[in-house]
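# Secondary and tertiary structure notes
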Amino acid sequence: MAKIEEVKAMVEAGKAKLVPGLVQEALDEGSAAKDILQAMVGSMGVVGDKFSTGEIFVPEMLMAAKAMAKGVDVLKPLMAGDTSNSLGTCIIGTVAGDLHDIGKNLVSMMIESAGFTMVDLGVDVAHEKWVEAIKENQNVTLVACSGLLTTTMPSLKEAVQTVKASGLTGFKVLVGGAPVTQQFADEINADGFAPDAGSAAVKASELVKSL
Amino acid sequence: MTLTQRENFEIMLNGGKPEFAPLLYELYKVCMLATNNTDQPWQGGKDPFGVNWVATAEGVIPESGKILFDDIADWKEYVKFPDVDSLGIEQMAQIELADFTDEKRKEQPVAVFNACGLFERMAAFMGFENTLCALIEDPDSCHEFFAAMADYKIACINRYIDAYKPDVIIYFDDLATARGMFMSPKTYREVIKPYHKRIVEAVTSRGVIFNQHTCGKCEDIIEDYVEMGIKIWDAAQVCNDLEGILTKYHGRLIVEGGWDTSGPASYMGAPVEAIIEETKRCAEQYGKKGNFILFPVLMNEKGHAFMTGDERIPALIMTWNQVNKL
């Protein structure tokens, strides 16, 4: 098996300790950094699909995301300045009043695995803070807002409205969280909705490619 | 003749046909002060292990981004078990039961909350991401941790039972998201269930009913719950096949919940009409099965109506008592 194939397999299997070595071996074998990265992005797509269909669960997905992150660490110095594989910057956080970060963290890892540069604003993000972050960061292509609780659904609406009303352009707004549905996402004028972390990565890529 | 809540509850527990489907607000004398000291402070602040909890409208959660350790292999360095004698369990019982006479006890079962189960406790220490990875990365250390934590829980629960003389212990451990288990059922069975089972046995061996609180879509392990001797499943949410579960486990498991916690009746400031409609739906869809306890979730500016009260509750109770007869 070519090393790049081994990298793919080990990312899928969540072998975080093995992936960096294999990535280095793939580089030594002559594979280009961007090809290795693309292979790992493909693996995470497979992992996301398996999660969405219930074949694997959150821990397995987390381990895969961790494995990919370790592999990316090896590639980063070689890819500095190369934006050909980047889908841009994603601003992520939970909306004002929501202190729960588990869903947000997982979605963040998965979106990062799809090729985004992540800017994590953390939890309980004030509405204006989203706009500030879009202004402060370069090449923001996606804003991902999470609301885990029914009590913060109005806040999710306000966050989306604030971002949309800012006059800033060049990005899409993705929403998610346990009580959020496609219908609610449509009601609050979000550009996209994802029901889980795996789908969020797929949806994020779709949205940004349609910009 | 109208039965008391206790009499009706006992018929239901034994798989008979109760006179009415109970409403949680009316059914139990709920006691929750002791777990405030032993597990998680309901109003926020540090628990006896040093974890800081933050109060939110829907309950307390560990402070985001603050963890005691990130590798479960290190847990012994950081986890210092509190002296159970120092936690004031008996004093909490005296406060909560001060006005609860023997006459009232004859009419109403006593239910004592025990928050922050084994999985949630690990997450409180390490954060969810580290915890979930640990379950499959280092199951041996998880086994050690859960065994020690189960000892602590059992020590506390035994004191609860001595102090409160409860009919029911409500043990909280959220193991699922709205769309499925946090971990595979296999992982649950291998790494958590053996210790969960010990806790259930410690409760049921003393003649106390075990009520398992697990939010989310956890139907894949309901069979495990029943097998362990869990008699009531609390906060049963509609993302599960509640009707199927009510039918399949009649006489073995009581379903407590049923409210659409993500639906319009649970939105902040939901109109009383939406609440009445949801109440009627629950009676029609689940109540008539005869092994169902309604647990409504009404949210207001102060939080969960169950904890904070709500002006819409009287209308809910009146509606339920009109539609809950069997």
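Residues numbered from 1 in each chain as written. Chains lettered and ligands numbered in written order. Predicted model: local features only at pLDDT ≥ 70, side-chain atom pairs only at ≥ 80, totals over all residues. Heavy atoms only, no water.

### Some details on the side chain of B:Asp47
All names here are of chain B. Cut-off, in case you're wondering: A run of H or I in DSSP becomes a helix once it reaches four residues, and a run of E becomes a strand once it reaches two; helices and strands are each numbered from the N terminus. Here a polar contact means two N or O atoms within 3.5 Å. Within protein one must be a hydrogen donor candidate and the other an acceptor candidate, and residues neighboring in sequence count only if both atoms are side-chain atoms. Contact between two residues is taken to exist if any of their heavy atoms lie within 4.5 Å; hydrogens are not considered.
By secondary structure assignment, the location of Asp47 is in the loop between β2 (45-46) and β3 (52-56). One polar contact links the side chain of Asp47 to the main-chain amide nitrogen of Phe49, over a distance of 2.8 Å. A distance of 2.9 Å separates a polar atom in the side chain of Asp47 from a polar atom in the side chain of Arg121. Beyond its immediate sequence surroundings of up to four residues, Asp47 is in contact with Asp39, Gln40, Pro41, Trp53 and Arg121.

### Notes on the packing of helix α3 (residues 33-52) of chain A against helix α4 (residues 58-79) of chain A
Residue and element names in this part refer to chain A. Rule in force here: A fitted line through C-alpha atoms represents every axis, and for helices the fit uses only the stretch in contact; the resulting angles, taken between N-to-C directions, go from 0 to 180 degrees. With respect to orientation, any angle under 35 degrees is reported as roughly parallel, any angle over 145 as roughly antiparallel, any angle of 65 to 115 as roughly perpendicular, and every other angle as oblique. Throughout this entry, Asp, Glu, Lys and Arg are counted as charged residues, while Ala, Val, Leu, Ile, Met, Phe, Trp, Tyr, Cys and Pro are counted as nonpolar. The remaining residues, Gly among them, count as polar.
Relative to each other, α3 and α4 sit at 170°, their axes nearing to 10 Å. One element, α3, and the other, α4, form an angle in the roughly antiparallel class. Contacts between α3 and α4 involve Ala33, Lys34, Ile36, Leu37, Met40, Val41, Met44, Val47 and Phe51 from the first element and Val58, Met61, Ala64, Ala65, Met68, Gly71, Val72, Leu75, Leu78 and Met79 from the second. Looking at the contact of α3 with α4, its residues break down into 17 nonpolar, one polar and one charged.

### Some remarks on the interface of chain A and chain B
Heads up, the condition is: Buried area is understood as the total, over both parts, of accessible area removed when two parts are fitted together, assessed with a 1.4 Å probe. Salt bridges are defined by distance alone: a side-chain nitrogen of Lys or Arg within 4 Å of a carboxyl oxygen of Asp or Glu.
Taken together, the contact pairs 25 residues of chain A with 26 residues of chain B. For the chain A and chain B pair, buried surface summed over both sides reaches about 2,200 Å², with 68% attributable to carbon and sulfur atoms. Where chain A touches chain B, the interface holds one salt bridge. B:Glu137 is the partner of A:Lys66 in a salt bridge, and the nearest nitrogen-oxygen pair spans 3.4 Å. At the junction of chain A and chain B, the tally comes to five residue pairs in polar contact (both at pLDDT 80 or more). Mapped onto the side of chain A that touches chain B, the elements with two or more residues apiece are α4 and α5 (102-113) of chain A. In terms of residue count, α4(A) provides more of the side of chain A that touches chain B than any other element does, six residues in total. Looking at the side of chain A that touches chain B residue by residue, the classes come out as 17 nonpolar, five polar and three charged.

Any functional reading would require information that these geometric values do not contain.
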